[in-house]
Amino acid sequence: GTEIISQLAGCSLCPAGEYSDDFGICHQCPPNTYNTESGSTECFTCGPGLEFVSFTHVCTLCPASEYSNDIGSCQICPPGSYNTESGSTQCFTCGPGLEFNTISTPCVPCPINSFSNDIGSCENCPPNTYTTTIQSIDCLTCGPGLELQGAQCVLCPAGQYSDDVGQCKTCQ
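Below is a summary of the structure that appears in this document. The shown structure was predicted, so the numbers you read here are calculated from the model rather than taken from an experiment. (Residues numbered from 1 in each chain as written. Predicted model: local features only at pLDDT ≥ 70, side-chain atom pairs only at ≥ 80, totals over all residues. Heavy atoms only, no water.)

### Some thoughts on the packing of aromatic side chains
Right, so step 1: Within this structure, the stated rule accounts for four aromatic pairs.
Right, so step 2: Consider the rings of Tyr 34 and Phe 52, whose centres lie 4.8 Å apart with planes at 10°: the pair is stacked. Taken together, the residues Tyr 34 in the loop between strand 4 (26-28) and strand 5 (50-53) and Phe 52 in strand 5 connect sequence positions 18 residues apart. Phe 52 shares its class with Tyr 34; the two are buried.
Right, so step 3: Ring-pair connections join several aromatic residues into one group, and the members of that group are Tyr 34, Phe 44 and Phe 52. (Phe/Tyr/Trp six-rings, centres within 6.5 Å; stacked < 30°, edge-to-face > 60°. Helix = DSSP H or I, 4+ residues; strand = E, 2+ residues; numbered from the N terminus. Buried < 20%, exposed > 50% of the residue type's maximum accessible area, 1.4 Å probe, protein only.)

### Looking at the state of the cysteines
Right, so step 1: Under the criterion given, the structure shown has ten disulfides.
Right, so step 2: Here Cys 29 connects covalently by a disulfide to Cys 43, the sulfurs 2.0 Å from one another. Taking the sign of the S-S torsion, about -75° here, the bridge from Cys 29 to Cys 43 comes out left-handed. You can see Cys 29 sitting in the loop between strand 4 and strand 5 and its partner Cys 43 sitting in the loop between strand 4 and strand 5, a full 14 residues away along the chain. Each member of the pair, Cys 29 as well as Cys 43, is classed as buried.
Right, so step 3: Between the sulfur of Cys 125 and that of Cys 139 lies a disulfide, 2.0 Å long from S to S. Where Cys 125 bonds to Cys 139 through sulfur, the torsion about that S-S bond is close to -85°, and the disulfide is left-handed. In this pair, Cys 125 is assigned in the loop between strand 14 (123-124) and strand 15 (146-149) and Cys 139 in the loop between strand 14 and strand 15, connecting sequence segments 14 residues apart. (Disulfide = S-S within 2.5 Å.)

### A word on the environment of Val 53
Right, so step 1: Tracing the backbone shows Val 53 in strand 5.
Right, so step 2: For Val 53, a relative accessible area of 16% translates into the label buried.
Right, so step 3: When near neighbours in sequence (up to four residues on either side) are disregarded, Val 53 contacts Val 58 and Thr 60. (Contact = heavy atoms within 4.5 Å.)

### Description of unusual backbone geometry
Right, so step 1: The backbone of Ser 65 shows a phi angle near 75°, a positive value even though the residue is not glycine.
Right, so step 2: Relative to the assigned elements, Ser 65 resides in the loop between strand 6 (58-61) and strand 7 (66-67).
Right, so step 3: The backbone of Gln 135 sits at a positive phi, close to 60°, despite the residue not being glycine.
Right, so step 4: Mapped onto the elements, Gln 135 comes out in the loop between strand 14 and strand 15.

### Overview of the pairing of strand 6
Right, so step 1: In terms of strand pairing, strand 5 meets strand 6 through four bridges, oriented antiparallel. Along strand 6, the bridge assignment pairs Glu 51 with Thr 60.
Right, so step 2: If you look at the hairpin formed by strand 5 and strand 6, you'll find four residues sitting between the two strands, and His 57 has a positive phi there, around 60°. (Pairing = 2+ DSSP bridges.)

### Section: the environment of Cys 74
Right, so step 1: On the secondary structure map, Cys 74 appears in the loop between strand 7 and strand 8 (75-76).
Right, so step 2: For the pair Cys 74 and Val 165, spaced 91 residues apart in sequence, the C-alpha separation works out to 48 Å.

Next comes the structure, spelled out in structure tokens:
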């Protein structure tokens, strides 16, 4: 942890935030690493769930909705994922039929006429499809001879037909 100043002056300790690896030259600690004592021969990482704050020279917990998986800096959870505790090392996704809401109630069911197939957010059902319950993982179609009216499949009236798209058409 020392650096040669000159032949006459001898050596001096490397300051905090720098290190010497026995070659007589002080080096800045690499990004996301630290040391807090002069004369250090190595730099350290904060570890999972923590990040080094350079102006305070301490490791702090990553806040909720952020994580650190041993790289030394906190990262925001990707869209559609979450965590609810500080110091997290990973983010989670809501399961099928659920979407992320808030930190206090992270996963909520998809409402009727929407679905989620494990992507973390609900989508509206495509035209002429529907759901009858909350927390659906896919949407339903009415089938041949039926038409979607509101949230119900009803028979096509006389003189009309449907070909599995949920919409009656006039016979020709």
